[in-house]
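Observations on chain architecture
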Amino acid sequence: MPIPFSRLELAVQKAVDETPIFDMHTHLYPPAFDGLLLWGIDELLTYHYLIAEVIRATSIPAEDFWQMDKAQQADFIWNELFIKRAPVSEACRGVITVMRNVGLDPSDRDLKAAREFYKTQTVDEFIELVFTKANVHSAVMTNDPFDKSEVKFWETIGNNHPRLHAALRIDPMLLWWDVASETIEEQGYEVDHALNEKTFCAARKFLEDWAAKMKPRYMAVSLPPTFTYPADDVTTQILDSVVLPFAREAGLPFALMIGVKRSVNPNLKLAGDGVGRADLSCLEQLCQRNPENKFFATLLSRENQHELCILARKFSNLMPFGCWWFMNNPSVIEEITRERIETLGWSFIPQHSDARVLDQLLYKWPHSRRIIAQVLVDKYQDMVDAGWRVMESEIYRDVNRLFSQNFEEFAPNWT
Ligand code: HDL
Ligand code: ZN
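These remarks concern the structure in this document. (Residues numbered from 1 in each chain as written. Chains lettered and ligands numbered in written order. Predicted model: local features only at pLDDT ≥ 70, side-chain atom pairs only at ≥ 80, totals over all residues. Heavy atoms only, no water.)

**Here's the deal with unusual backbone geometry**
- Pro230 follows Tyr229 through a cis peptide bond whose omega is -10 degrees.
- The backbone phi angle of Asn135 is positive, close to 55 degrees, even though this residue is not glycine.
- Unusually for a residue other than glycine, Lys269 sits at a positive phi of about 55 degrees.
- We classify Lys269 as partly exposed; its relative accessible area is 48%. (Buried < 20%, exposed > 50% of the residue type's maximum accessible area, 1.4 Å probe, protein only.)

**Structural notes on the coordination of the zinc ion (ligand 2)**
- All of the protein donors around the zinc ion (ligand 2) are His25 (NE2), His27 (NE2) and Asp354 (OD); their distances to the metal are 2.0 to 2.2 Å.
- In the primary structure, the donors to the zinc ion (ligand 2) are separated according to the pattern H-x1-H-x326-D.
- Overall, the relative accessible area of 2% leaves His25 in the buried class.
- Given a relative accessible area of 15%, His27 falls into the buried group. (Donors = N, O, S within 2.8 Å, 3.2 Å for Na, K, Ca; no water.)

**Structural notes on the nonpolar core**
- Counting residues in each nonpolar core, the largest one holds 145 residues, and the members touching the most others are Met173, Phe254 and Phe296.
- Looking at this core, the element that brings in the most residues is helix α17 (residues 361-386), giving 10 residues.
- Within the second largest apolar cluster, six residues are counted, among which are Cys323, Met327, Ile333 and Ile371. (Core = buried A, V, L, I, M, F, W, Y, C linked by side-chain atoms within 4.5 Å. Helix = DSSP H or I, 4+ residues; strand = E, 2+ residues; numbered from the N terminus.)

**Concerning the site of ligand 1**
- Every residue near ligand 1 is listed here: His25, His27, Tyr47, His48, Tyr49, Arg169, Met257, Arg262, Trp324, Trp325, Asp354 and Arg356.
- Between ligand 1 and His25, the relevant distance is 3.2 Å, taken from an oxygen atom to a side-chain nitrogen or oxygen of the residue.
- Within the side chain of Asp354, a nitrogen or oxygen atom sits 2.8 Å from an oxygen atom of ligand 1.
- Summarising the interface, the protein chains cover 98% of the accessible area of ligand 1, which totals 330 Å² for the free molecule.
- A class-by-class count of the residues in the shell around ligand 1 yields five nonpolar, three polar and four charged. (Near = heavy atom within 4 Å. Polar contact = N/O pair within 3.5 Å; in protein donor to acceptor, adjacent residues only side chain to side chain. Areas by Shrake-Rupley, 256 points an atom, 1.4 Å probe, with all protein chains shown as cover. Nonpolar A, V, L, I, M, F, W, Y, C, P; charged D, E, K, R; others polar.)

**Focus on the pairing of strand β4 (residues 216-223)**
- Counting buried residues along β4, eight of its eight residues qualify, which places the element largely inside the surrounding structure.
- When strand β3 (residues 164-169) meets β4, the two strands line up parallel, connected through four bridges. For Arg169, the partnering residue across the bridge sits in β4 and is Ala220.
- As paired elements, β4 and strand β5 (residues 254-258) share five bridges and run parallel to each other. (Pairing = 2+ DSSP bridges.)

**Concerning the environment of Phe296**
- The topology assignment puts Phe296 in strand β8 (residues 295-299).
- Taking the C-alpha atoms as reference, Phe296 lies 16 Å from Ile336; in sequence the two are 40 residues apart.

**Re the packing of aromatic side chains**
- In this structure the tally under the stated criterion is 22 aromatic pairs.
- Between Tyr47 and Tyr49, the ring centres sit 4.1 Å apart and the planes meet at 20 degrees, which makes this aromatic pair stacked. Each member of the pair, Tyr47 as well as Tyr49, carries the same accessibility label: buried.
- Summarising the aromatic geometry, the rings of Tyr118 and Phe126 are spaced 5.4 Å apart at their centres and angled 70 degrees between planes, so their arrangement reads as edge-to-face.
- We classify Tyr118 as buried; its relative accessible area is 9%.
- Take Phe126: its relative accessible area is 0%, and that puts it in the buried class.
- The structure contains a cluster of three or more aromatic residues connected by ring pairs, namely Phe22, Tyr218, Phe296, Phe321, Phe407 and Phe410.
- In this arrangement the basic side chain of Lys294 is found over the ring face of Phe410, its NZ or CZ atom lying 5.5 Å from the centre. (Phe/Tyr/Trp six-rings, centres within 6.5 Å; stacked < 30°, edge-to-face > 60°. Lys NZ or Arg CZ within 6 Å of the ring centre and 35° of its normal.)

**Brief notes about the environment of Lys205**
- Looking at the secondary structure, you find Lys205 in helix α12 (residues 197-214).
- A relative accessible area of 38% places Lys205 in the partly exposed class.

**Quick notes on the environment of His161**
- Within the element layout of this structure, His161 appears in the loop between α9 (148-154) and β3.
- A relative accessible area of 17% means that His161 is categorised as buried.
- Sequence-distant contacts of His161, that is, excluding residues within four places in its chain, are made with Pro30, Pro31 and Ile127. (Contact = heavy atoms within 4.5 Å.)

**Quick notes on the pairing of β3**
- With six of six residues buried, β3 lies mostly within the body of the structure.
- Neither face of β3 is open: one carries Leu164, Ala166 and Leu168, the other His165, Ala167 and Arg169, and all of them are buried.
- Note that strand β2 (residues 136-140) and β3 share two bridges and pair parallel. Of the residues in β3, the one forming a bridge with Ala139 is Leu164.

**Some words on the pattern of salt bridges**
- According to the stated counting rule, one finds 24 salt bridges in the structure shown.
- Across the pair Arg204 and Glu197 runs a salt bridge whose closest N-O atoms are separated by 2.8 Å.
- The partner of Lys205 in a salt bridge is Asp209, with the nearest N and O atoms 2.6 Å apart. Taken together, the residues span about one helical turn, with Lys205 and Asp209 both in helix α12 at a distance of four residues.
- A single salt-bridge network, built from bridges that share partners, covers Asp42, Asp75 and Arg115. (Salt bridge = Lys/Arg side-chain N within 4 Å of Asp/Glu carboxyl O.)

**Things to note about the packing of helix α15 (residues 305-314) against helix α16 (residues 330-344)**
- Where α15 meets α16, the closest approach of the two axes is 10 Å, and the angle between their N-to-C directions is 20 degrees. If you check the angle between α15 and α16, you find them roughly parallel. Like other packed secondary-structure pairs, α15 and α16 cross with a definite hand, here right-handed. Judged by residue contacts, Gln305, His306, Leu308, Cys309, Ile310, Ala312 and Arg313 of α15 engage Ile336, Glu339, Arg340, Thr343 and Leu344 from α16. (Axes fitted to C-alpha atoms, helices over the stretch in contact; angles between N-to-C directions. Parallel < 35°, antiparallel > 145°, perpendicular 65-115°, else oblique. Left-handed = near helix turned anticlockwise from the far one by under 90°.)

See below:
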């Protein structure tokens, strides 16, 4: 039954709200990875985005901020960014959306009441509340075999949470090989300190064994804007001799997250990273020289987004995803989503949450659904104006492709 012109907006918003999401990049952990999963109002308020914002807004010396404990930091951020100033930024608005979605009234401006609510929750109850309310059916974590605080859980209990999938994150292997090779050796693999076949073989075995433990949906790395490929450097050798051959054999996509300038202001710690525009010939060459590999890509610079769309038109083994980090603001999400739909049709993944705090699923997705719905209404309207009768069932089909199917087809689960 074709949708009458007047009901299109409601039909699209309903499909976008009702379609469950596979969230392909987060920093969540299973509750059983004791202490690694962040949740609750104090973690929400001390999200590194808000730390950067409050240090800027108040010019408090960073070292004075770091002297405070978690609750004092949260109090300071609440008072400075929510009470003394209207909570207008996207990260501030996010806290309000979460408070509303867990049943609090943020307009009461009562941080004490929020803390009281969280005392009534257990993490196992709360994770189900959050995933259900956010209508996120599954999420991919960021799992680091070089991080001792996480390794101990994979070597004992592993992950069997039905909603959480692993991603094998390998930044040290590509960016800090000297450190990475020591860890690989400590974990029992015979690497030479020369980059020779023996070392490459040991490094591939390291990846094979970690993939067997984690059963990752993909491998991932975040790279600086200066990343070049191919280059006469260690990164290219490890890519060509270790990472890409292993990914091909294992059938694992490789996710490149390009454009981060780590620690431009070290005083801000995790909040101190910056952004730079990348030369995307690295991505073009990776796709061109490795046609049997599959690549996810998300870029940190707004100026790179249109180029990524055009690259993806040239290479079907390249899947753009998400509005990453500094891109995850309404004005930029709208622009990126429009240019992706106009150049790629339905063959991209519009968003990921990047949630570090479990509760953030309750704002990052509602905020993005609203923008994606607005863009889709316009695009379906354009089709209607051109003379195409839109069917309600087809809207659900198309939205499911964006929210789940593209990811699950590009990065199939382990069989
Ligand atoms: O490297 C990454 O995965 C980034 O998402 C960083 O974790 C960053 O600190 C972040 O949390 N962005 O949202
Ligand atoms: Zn991330």
